[in-house]
Amino acid sequence: MMPPAEDEQSTVEGGEGVGGFALLRALKSSSARKGCDPFAQTQRSKLQHRRARINQQINKEMRMRAGAENLFRATSNHKVKETVALELSYVNSNLQLLKEELEELNSCMDVYQNDSESISVPMIPLGLKETKELDLLVPLKDFISEHYGEEGVMFEKEIKEFMELRQAMRTPSRNEAGLELLMEYYNQLYFLDSRFFPPSKSLGVFFHWYDSLTGVPSHQRALAFEKGSVLFNIGALHTQIGARQDRASLPGLNQAIDAFQKAAGAFNYLKENFSNAPSLDMSTASLNMLVRLMVAQVQECVFEKVTLLHAQKDFLTWLQLAQEAARVEDVYLLVHQTMTQAHVKDYVPFSWTTMVHVKSEHFKALSHYFAAIALCDCPAASDAELPEHEKAFLQFHITMPEGPSLRVLLQDPEERRKLGKAHLKKAIMKHEEAMRIHGLCKILRKMDILQEVLSFAHKRSLSKYSEIDHEEDFFETGDAPDIHPKTHQKPEIKSPSFSQVKVTDLFHRLGPLSVFSAKNKWYPMRRVHLMRGENGFGFTLRGDSPVLIAGVIPGGCAAEAGLKEGDYIILVNGKDCRWSKHAEVVQLLKSTGEEGVEIGVITLQGSEGPKAVEKKAAAMSSGSGLLKSNKENSRKSLMNSKSASTLLVWNKKSKRSKNSTYSIPFTAVGDNEAMY
């Protein structure tokens, strides 16, 4: 199968419904943010089309099975039970065939590899999770009308923009632009969560996603499922980018290492911050396996990098290569053990498990081959080199080889040849084992490049063994000790850097999140007409966006008009002041004439009354600082990704004074407030 000519990703078109979907489809062509063309006939897009089709068929068969099982349990008619049992066996057979077909698709690693002519062992990439179209137009408009008291129709543009972004992220390109698209949508989910998902009420929207490997559909109302699935796709896309790099060049290897490390970081972040996943691909056991797989692929790239950097190889370089290969064997052995555990064994494609096992044996063979080359092809150590060679060789084997002393071994060519022959014997055995395991998997047998790599390495070891084998050798070749794994570059798990992609809250017109969020409730806006008295309006103001009435003077104009401490000013003479700075509101108030000023204020529910005032006074006495800089309240608000925010409960901390907190929307009177 040839590699893809372009970087397109097709997707499932499994959504149903009218209204919002029709509108969404009409806007696809005009979206500023675009994924790849779902109809582009590249190898990768064809693969995704087939995956999408199978996902839909699995979904259909599972619904039929659920209905048949319900009927089987409900009926008492023996004849009906027999008919339903027959139907169930037919449906289960279909499901098994579909899952086998999907497993074969997930094993099509060559589609994601690069088109370089160089021969390299294929890497294992992941296909993206598929999702259905989602119509948010009516639910969000209704919530805006009910919760925010605004006309929902006035926010259709923002809702459409969000739906376009979601549609685009379903088909990300296989490059940095595709990653940025997924990250942008992931960051926007933070604002969607804050604006429209109150802790005590459901929006009534289901998020549908298909399992990446089994195609089994899952759905949840929780936005955390959407966040987790997008994060999974960020990791999966990194695996595809890593697999496509030309690893015959140093830049390609560095890019592959970076991509697999970021994939490991995405899966690890998901494992640590997402619990009770409804689909197996996001379970702790599966994510743990994927993290280890990505780390192993990084280690393999490090080995290839060392091979590339040391064109001129001496004794110490061959030893280093042997230890690097042993390290790759070590990490792939751990991955294989993880894949064969009870909770993962029946879920992971057999071709993946076999590939990992083959690589483990292959790199063990390479480690022994390189050890033999170091001993047989490099000249004996000179007196000047001997101390350094001794030091390296002491740490080379897990157990020291039997025979003469280390000094004699390193300086006697015949002793070196004997040990080298033992290493080659072991290398040949491991090469043959790798080829045997490879032959057990029908899918891997079709992978010509892997067969070529294994065959070449095996023939090379056989050739070297024939070269150093003497007819007069009457000694029995001993068993070479295993090589101590060691690497000069340990893989790094790079967590996602959400702050790299800057996003603006699409629904910022609703007001600053510190006040106007799904978790807060407020009384309807009150319009108050104020006339300036001898001592001004009779209140003190504090803060920005929106400005807070921090205090009301008893008997003053503000008190007589009904203003209360804790009210937020959101309107001055018809001008929307929700995002206005302190100085802007003050200027509007000062510019009023004899006719006075009309202001609109809101009061958060639970923040009014004497008890709230006492709480604020207590907050002041306990040292709560003034909220000086709140990025949540800026028009171009960004999600603070450096905090260890979870997927289920997002951490809403931003850069602010140490003692400020979201639990109190305003603090007690401070030095920065002024009387008006």
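Residues numbered from 1 in each chain as written. Predicted model: local features only at pLDDT ≥ 70, side-chain atom pairs only at ≥ 80, totals over all residues. Heavy atoms only, no water.

Going by what an unreviewed UniProt entry lists, the protein is known as Rhophilin Rho GTPase binding protein 1 and is assigned to Chrysolophus pictus. According to the UniProt record, the Sequence similarities (unreviewed entry) comment for the protein is "Belongs to the RHPN family." (UniProt positions renumbered as here; feature names shortened; annotations may be inferred.)

**Topic: the pattern of salt bridges**
All told, the structure shown has 28 salt bridges when counted by the stated rule. Ionic pairing is found between Glu146 and Lys201, a salt bridge with its closest N-O pair at 2.6 Å. Taken as a pair, Glu146 in helix 4 (residues 137–148) and Lys201 in the loop between helix 6 (176–196) and strand 1 (207–210) lie far apart in primary sequence, 55 residues in all. Its relative accessible area of 57% is what places Glu146 among the exposed residues. Arg578 is the partner of Asp576 in a salt bridge, and the nearest nitrogen-oxygen pair spans 2.8 Å. Beyond isolated ion pairs, a larger network of salt bridges with shared partners links Lys364, Lys426, Asp479 and Asp482. (Salt bridge = Lys/Arg side-chain N within 4 Å of Asp/Glu carboxyl O. Helix = DSSP H or I, 4+ residues; strand = E, 2+ residues; numbered from the N terminus. Buried < 20%, exposed > 50% of the residue type's maximum accessible area, 1.4 Å probe, protein only.)

**Looking at the nonpolar core**
Formed by 139 residues in total, the largest nonpolar core has its most connected members in Phe196 and Phe393. When residues of this core are assigned to their parent elements, the largest contribution, 13 residues, is made by helix 12 (residues 350–377). Ignoring sequence-local partners within four residues, the contact set of Phe393 consists of Phe315, Leu319, Leu375, Met400, Leu406, Leu409, Leu410 and Leu419. Formed by 17 residues, the second largest nonpolar core is a distinct cluster that contains Leu530, Val547, Val585 and Leu589. (Core = buried A, V, L, I, M, F, W, Y, C linked by side-chain atoms within 4.5 Å. Contact = heavy atoms within 4.5 Å.)

**Observations regarding a nonpolar patch on the surface**
Residues Leu250, Leu308 and Leu309 make up a contiguous nonpolar surface patch of roughly 230 Å² in combined accessible area. With respect to the secondary-structure elements, Leu308 resides in helix 9 (residues 284–309). Leu308 sits in the partly exposed class, given a relative accessible area of 39%. (Patch = residues over 30% accessible without salt bridge, like charges linked within 9 Å, V, L, I, M, F, W, Y side chains within 5 Å. Areas by Shrake-Rupley, 256 points an atom, 1.4 Å probe, with all protein chains shown as cover.)

**Comments concerning the confidence of the model for the protein**
Summarising the model, the protein shows a mean pLDDT of 79, and 78% of its residues fall at 70 or more. Below pLDDT 50 for its whole length, residues 38–42 participates in 10 contacts with residues either more than four positions away or in separate chains. Predicted confidence for residues 609–671 stays below pLDDT 50, and this span has 110 contacts to residues more than four positions away or in other chains. (pLDDT = per-residue confidence, 0-100.)

**Here's the deal with the packing of aromatic side chains**
Throughout the structure, instances matching the rule amount to 20 aromatic pairs. With a centroid separation of 6.3 Å and 70° between ring planes, the pair formed by Tyr148 and Phe196 is classed as edge-to-face. Taken together, the positions of Tyr148 in helix 4 and Phe196 in helix 6 put the pair 48 residues apart, joining distant regions of the chain. A relative accessible area of 7% places Tyr148 in the buried class. Relative accessible area serves as the criterion here: at 0%, Phe196 is assigned to the buried category. Chaining the aromatic ring pairs together yields one cluster made of Phe143, Tyr148, Phe196, Phe507, Phe516 and Trp522. (Phe/Tyr/Trp six-rings, centres within 6.5 Å; stacked < 30°, edge-to-face > 60°.)

**So, the environment of Lys426**
Following the sequence through the fold, Lys426 ends up in helix 15 (residues 413–439). Note on Lys426: relative accessible area 14%, which makes it buried. In sequence terms Lys426 and Ser367 are 59 residues apart; their C-alpha atoms lie 9.8 Å from each other. Beyond its immediate chain neighbours, meaning those up to four positions away, Lys426 contacts His368, Asp479, Ala480 and Asp482.

**Brief notes about the pairing of strand 4 (residues 539–542)**
The alternating pattern of strand 4 places Phe539 and Leu541 and Thr540 and Arg542 on opposite faces, both of which are buried. Relative to strand 5 (residues 547–552), strand 4 runs antiparallel, the two sharing four bridges. Bridge assignment links Leu541 to a residue of strand 5, and that residue is Ile549. (Pairing = 2+ DSSP bridges.)

**Details of the packing of helix 6 against helix 7 (residues 223–243)**
The N-to-C vectors of helix 6 and helix 7 enclose an angle of 165°; their axes lie 10 Å apart at closest approach. On the basis of the axis angle, helix 6 is roughly antiparallel to helix 7. Regarding helix 6 and helix 7, the two cross each other, and that crossing is left-handed. Listed contacts from helix 7 to Gly178, Leu179, Leu182, Met183, Tyr185, Tyr186, Leu189, Leu192 and Asp193 of helix 6 are Leu223, Glu226, Lys227, Val230, Leu231, Asn233, Ile234, Leu237, His238 and Ile241. (Axes fitted to C-alpha atoms, helices over the stretch in contact; angles between N-to-C directions. Parallel < 35°, antiparallel > 145°, perpendicular 65-115°, else oblique. Left-handed = near helix turned anticlockwise from the far one by under 90°.)

**Here we look at the pairing of strand 2 (residues 217–220)**
Pairing of strand 1 with strand 2, which is carried by four bridges, proceeds in the antiparallel orientation. Paired with Tyr210 across the two strands is Pro217, which belongs to strand 2. Connecting the antiparallel pair strand 1 and strand 2 is a turn made up of six residues, with Gly215 showing a positive phi of about 75°.

**Some points on helix 8 (residues 250–273)**
The terminal C-alpha atoms of helix 8, which comprises 24 residues, lie 35 Å apart, in line with the 34 Å expected from a rise of 1.5 Å per residue. The opening residue of helix 8, the one whose side-chain oxygen lies 3.3 Å from the backbone nitrogen of Gly252, is Ser249. (Expected span 1.5 Å × (residues − 1). Polar contact = N/O pair within 3.5 Å; in protein donor to acceptor, adjacent residues only side chain to side chain.)

**Observations regarding unusual backbone geometry**
Of note, the bond from Ser545 into Pro546 is cis; its omega dihedral lies within 30 degrees of zero at -5°. Here Pro546 lies in the loop between strand 4 and strand 5. A positive phi angle, close to 45°, is found at Ser545, a residue other than glycine. Residue Ser545 is classed as buried on the basis of its relative accessible area, which comes to 1%. Despite not being glycine, Asn573 shows a phi value in the positive range, around 50°. Within the fold, Asn573 resides in the loop between strand 6 (568–572) and strand 7 (575–576).

**Examining the state of the cysteines**
Using the criterion set out here, one finds zero disulfides in the structure. Here Cys378 is not cross-linked by a disulfide; its sulfur's nearest cysteine counterpart is in Cys376, at 9.4 Å. (Disulfide = S-S within 2.5 Å.)

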